[in-house]
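# Reading the structure
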Number of protein chains: 6
Amino acid sequence: MSTVKPAPDLEADPRVKAVFDDIRATRKSDFINNMWLYLAFDPALLESTWRDVKAIMATPSVLDPLVKEMLYIAVSATNGCSYCVHSHTAAAKAKGMTEAQHAELLSIISLAARTNQLATALQVPVDGVFDADRN
Amino acid sequence: MSTVKPAPDLEADPRVKAVFDDIRATRKSDFINNMWLYLAFDPALLESTWRDVKAIMATPSVLDPLVKEMLYIAVSATNGCSYCVHSHTAAAKAKGMTEAQHAELLSIISLAARTNQLATALQVPVDGVFDADRN
Amino acid sequence: MSTVKPAPDLEADPRVKAVFDDIRATRKSDFINNMWLYLAFDPALLESTWRDVKAIMATPSVLDPLVKEMLYIAVSATNGCSYCVHSHTAAAKAKGMTEAQHAELLSIISLAARTNQLATALQVPVDGVFDADRN
Amino acid sequence: MSTVKPAPDLEADPRVKAVFDDIRATRKSDFINNMWLYLAFDPALLESTWRDVKAIMATPSVLDPLVKEMLYIAVSATNGCSYCVHSHTAAAKAKGMTEAQHAELLSIISLAARTNQLATALQVPVDGVFDADRN
Amino acid sequence: MSTVKPAPDLEADPRVKAVFDDIRATRKSDFINNMWLYLAFDPALLESTWRDVKAIMATPSVLDPLVKEMLYIAVSATNGCSYCVHSHTAAAKAKGMTEAQHAELLSIISLAARTNQLATALQVPVDGVFDADRN
Amino acid sequence: MSTVKPAPDLEADPRVKAVFDDIRATRKSDFINNMWLYLAFDPALLESTWRDVKAIMATPSVLDPLVKEMLYIAVSATNGCSYCVHSHTAAAKAKGMTEAQHAELLSIISLAARTNQLATALQVPVDGVFDADRN
């Protein structure tokens, strides 16, 4: 179930085709996952989303590619985005995430959720030393 | 402002003192941040929280200590926990997070928040290949 | 799957029937969507919920009916409520939301999610000029 | 800092005065907390909010008044609503919440946040026996 | 669909078997729900999660067992955790939650979500009297 | 308090100056709000964020500028982003939002938060007619 319906021949639109071709080339795979098929109902939205995902997630940078996927999972699980948890866990595994790393990721993000809840329920005042403006 | 008030002499309670001593020894610092001062209103809650934070965040493991702090920041920012964002950003900097790493962390977690919102608003169906039960 | 089970003949209860009749009359349609069928396990909860949905969403007011549905989608997607995203996207389309408007709605709510994440991760101090108490 | 500014003489408006009088009578106290002072910028919004808070929170019902406040805190902390955490923790204490009950409340809601995160990150399938529709 | 796949013979691992045996003994039931089957991919994570769930939820304490389940539901619904809403609503019913209690729970947690939203959108300043640090 | 500290002379960096100049020109105002001052610790992040905010929020499009600000407020309040609620409420008022429109916005977004909570707690199944894939 979804809130938009992909057109029967998405790639008849040259803007959609150009993005899909770039996804295939970047990932070295013919597979286009549903996120892009559904975003294609609006070529401009598809283009701007892919532009940024490619720039941030598929371009060498200061953080390790697997770390980037784990950060993505952390946010996606916290936001309760089922699709994103699935797609980025699959991506992290494809980039070599072991079961031990997966388990540790889960330990950390569930610990964070727990202490976030405690700090908020206690309304703990922020320590002055943590303020970057002060230093 | 907070919802509990730390006792004037917290360490008069031996259970609290034992936890605080362990925090100081583990971190090699005399500083005890507010989270622990406020949790100390209930020694059992203080003990169980510190036990798990120590085991997961302050014990060598398969993930790098800085990566663990960045994952903590990712969850804390997504949950909107001001205290936790401050304390774990300070911790990440203390573990060597550079400005470039910090900026990239922000790029990734804000991109994730954006595509989480898109996937949820579109209700994109999960691709079958992402299902671990299937494989 | 759900956490309550609708009774086999919901409208045997006159309070439920009265609400359902008002839903049909207000919407000029015989269709009652699942939200109301499941809320009917408690007639008082059904009545108070419908009373407010009708007053706020189905009564002419200062905001345009389509704008109201788009605001509902914005909150529902942010809260990750799958049911609500589906039902209010369908309602927005029924009120004339075009594909271009839908795409722009998605652009805005995903941009907001992204900058929310940035502002929270940076803990940006609120500018004094934004304070209504001051003016 | 706030996004609206209370008028200098709020109770000059008879609708506002009527609500404030009812708050005072219901709570047997002259104190009106900020939530109501700021909601008063729109008398209709003030009236409908107070009507429901009074009906649900200040009227004898099947749940104990203290339990109701603890449920309110649970939701408010999870939503990260600082104002609501403060006001409902104060209300719970006024209704007799002990430090031991407060600590246990925090233990439960932080445990729930943690296992919520685990279940979402694992995307655990719902067991068939939990489905009320099936039974 | 899930992000990990339970091994075919989970209880071949003695650590997993020990936890499952304790779950069965504690709950006086042979049924092991999916949460534990999926957590078992990492015995240490399974052990630490069950240890805390047992200590907090399945051990007599100052709060009533049904109240504890209702608090769990409140957090789980707010976090949008479908699995947790299902499992803890089933647990609450098993502990005697009536339809009237269930309906009142829903009234309270949905009222809280609504006033949380109002307080946040208004950015209502916290009243000084709510500050525990002050008293 | 914040997690980064703006440099004393931000506009000494030509990339930062170029963005700030464009913000001033676009908004026809000399005022640069804190969001941009703090984002400037990383010129690339500043540039990409402003590029998208300008394209989506400050460029004529199919939705009315005031409606766009109200959608931004809806998401920001739901995410609990204090800074964003303040800045976009100020922006909405600058674009002509009346008190009546503001009050109605609050009514809708708080109603949505409430029914989101109900739908999630009930786990209401999505009606088949809402599925865009089906039609």
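For the structure itself, consult the block above.
## As for the layout of surface pockets
The calculated volume of the second largest pocket comes to roughly 1200 Å³. Around the second largest pocket, the lining is made up of 36 residues, and of these Gln 123 of chain A, Ser 82 of chain B, Ser 82 of chain D, Gln 123 of chain E together with Ser 82 of chain F lie nearest the centre. For the lining of the second largest pocket, the secondary-structure elements that each account for two or more residues are helix H6 (99-122) of chain A, helix H5 (82-94) of chain B, helix H6 (99-122) of chain C, helix H5 (82-94) of chain D, helix H6 (99-122) of chain E together with helix H5 (82-94) of chain F. Looking at side-chain class alone, the lining of the second largest pocket contains 21 nonpolar, 15 polar and no charged residues.

## Comments concerning the pattern of salt bridges
Any two side chains of opposite charge can pair if their charged atoms end up close together. On inspection of all chains with the given rule, the structure shows 60 salt bridges over all chains. Notably, a salt bridge pairs Asp 52 of chain E with Arg 51 of chain E, separated by 2.9 Å at the nearest N-O pair. What makes Asp 52 of chain E buried here is its relative accessible area of 6%. Here the salt bridges share partners, and the residues they tie into one network are Arg 51 and Asp 52 of chain A, Arg 114 of chain B, Arg 114 of chain C together with Arg 51 and Asp 52 of chain F.

## Some points on the side chain of Asp 127 of chain C
Of note, Asp 127 of chain C is situated in the segment after H6. For Asp 127 of chain C, the side chain forms a polar contact with the side chain of Tyr 83 of chain F, separated by 2.7 Å.

## Overview of the packing of aromatic side chains
Applying the stated criterion across every chain, the model contains 16 aromatic pairs over all chains. Here the aromatic rings of Phe 31 of chain D and Phe 130 of chain E are separated by 6.5 Å at their centres, their planes lie at 85°, and the arrangement is edge-to-face. With one member in each of two chains, Phe 31 of chain D in the loop between helix H1 (14-27) and helix H2 (34-39) and Phe 130 of chain E in the segment after H6 form a pair that bridges those chains. Look at Phe 31 of chain D and you get partly exposed, because its relative accessible area is 38%. Exposure remark for Phe 130 of chain E: the relative accessible area of 13% places this residue in the buried category.

## Brief notes about the interface of chain B and chain A
The accessible area lost on association of the parts is a frequent measure of interface size. Taken together, the contact between chain B and chain A spans 66 residues of the former and 66 residues of the latter. Between chain B and chain A, the buried area comes to about 5900 Å², and carbon and sulfur atoms account for 72% of it. In this assembly, chain B and chain A are joined by four salt bridges. Put simply, chain B and chain A have 25 residue pairs in polar contact (both at pLDDT 80 or more) between them. Going through the elements one at a time, helix H2 (34-39), helix H3 (43-57), helix H4 (65-78), H5 and helix H6 (99-122) of chain B are the ones with two or more residues in the side of chain B that touches chain A. Ranked by residue count, the leading element in the side of chain B that touches chain A is H6 of chain B, at 18 residues. For the side of chain B that touches chain A, the class distribution of residues is 40 nonpolar, 19 polar and seven charged.

## Thoughts on the interface of chain A and chain C
Each side of the interface is counted separately: chain A has 10 residues, and chain C has 12 residues. Contact between chain A and chain C buries roughly 850 Å² in total, counting both sides, with carbon and sulfur atoms accounting for 59%. Area buried by chain A at its contact with chain C is led by Thr 3, Phe 41 and Leu 45 of chain A, which between them contribute 57% of it. For the interface between chain A and chain C, the tally reads zero salt bridges. At the surface where chain A touches chain C, the tally comes to one residue pair in polar contact (both at pLDDT 80 or more). Classifying every residue of the side of chain A that touches chain C gives five nonpolar, two polar and three charged.

## Points about helix H5 (residues 82-94) of chain E
Residues and elements named next belong to chain E. An ideal rise of 1.5 Å per residue puts 18 Å on 13 residues; H5 measures up with 18 Å between its terminal C-alpha atoms. Every buried residue belonging to H5 is among Tyr 83, Cys 84, Val 85, His 86, Ser 87, His 88, Thr 89 and Ala 92, and all of these are buried. The first or second residue beyond H5 is Gly 96, which carries a positive phi of 100°.

## Points about the packing of helix H4 (residues 65-78) of chain D against helix H4 (residues 65-78) of chain E
Contact pair H4 of chain D / H4 of chain E: the axes reach a minimum separation of 8 Å and the direction vectors enclose 30°. Compared by their axis directions, H4 of chain D and H4 of chain E come out roughly parallel. The handedness of the crossing between H4 of chain D and H4 of chain E comes out as right-handed. From H4 of chain D, Val 67, Met 70, Leu 71, Ala 74, Val 75 and Thr 78 of chain D reach across to H4 of chain E, where they touch Val 67, Met 70, Leu 71, Ala 74, Val 75 and Thr 78 of chain E.

## Quick notes on the nonpolar core
Counting 284 residues, the largest nonpolar core has Phe 20 of chain A, Phe 20 of chain B, Phe 20 of chain C, Phe 20 of chain D, Phe 20 of chain E together with Phe 20 of chain F as its most contacted members. Setting aside its immediate chain neighbours within four residues, Phe 20 of chain E contacts Leu 10, Glu 11, Ile 32, Trp 36, Leu 37, Ala 40 and Leu 46 of chain E.

Conventions used here
Residues numbered from 1 in each chain as written. Chains lettered and ligands numbered in written order. Predicted model: local features only at pLDDT ≥ 70, side-chain atom pairs only at ≥ 80, totals over all residues. Heavy atoms only, no water. 1 Å grid on protein atoms, 1.4 Å probe; cavity = no way out; pocket = protein on both sides within 12 Å on 5 of 7 lines; lining within 4 Å. Points joined across faces, edges and corners; volume = space filled by probe spheres on them. Helix = DSSP H or I, 4+ residues; strand = E, 2+ residues; numbered from the N terminus. Nonpolar A, V, L, I, M, F, W, Y, C, P; charged D, E, K, R; others polar. Salt bridge = Lys/Arg side-chain N within 4 Å of Asp/Glu carboxyl O. Buried < 20%, exposed > 50% of the residue type's maximum accessible area, 1.4 Å probe, protein only. Polar contact = N/O pair within 3.5 Å; in protein donor to acceptor, adjacent residues only side chain to side chain. Phe/Tyr/Trp six-rings, centres within 6.5 Å; stacked < 30°, edge-to-face > 60°. Contact = heavy atoms within 4.5 Å. Buried area = accessible area lost by both parts, 1.4 Å probe. Expected span 1.5 Å × (residues − 1). Axes fitted to C-alpha atoms, helices over the stretch in contact; angles between N-to-C directions. Parallel < 35°, antiparallel > 145°, perpendicular 65-115°, else oblique. Left-handed = near helix turned anticlockwise from the far one by under 90°. Core = buried A, V, L, I, M, F, W, Y, C linked by side-chain atoms within 4.5 Å.

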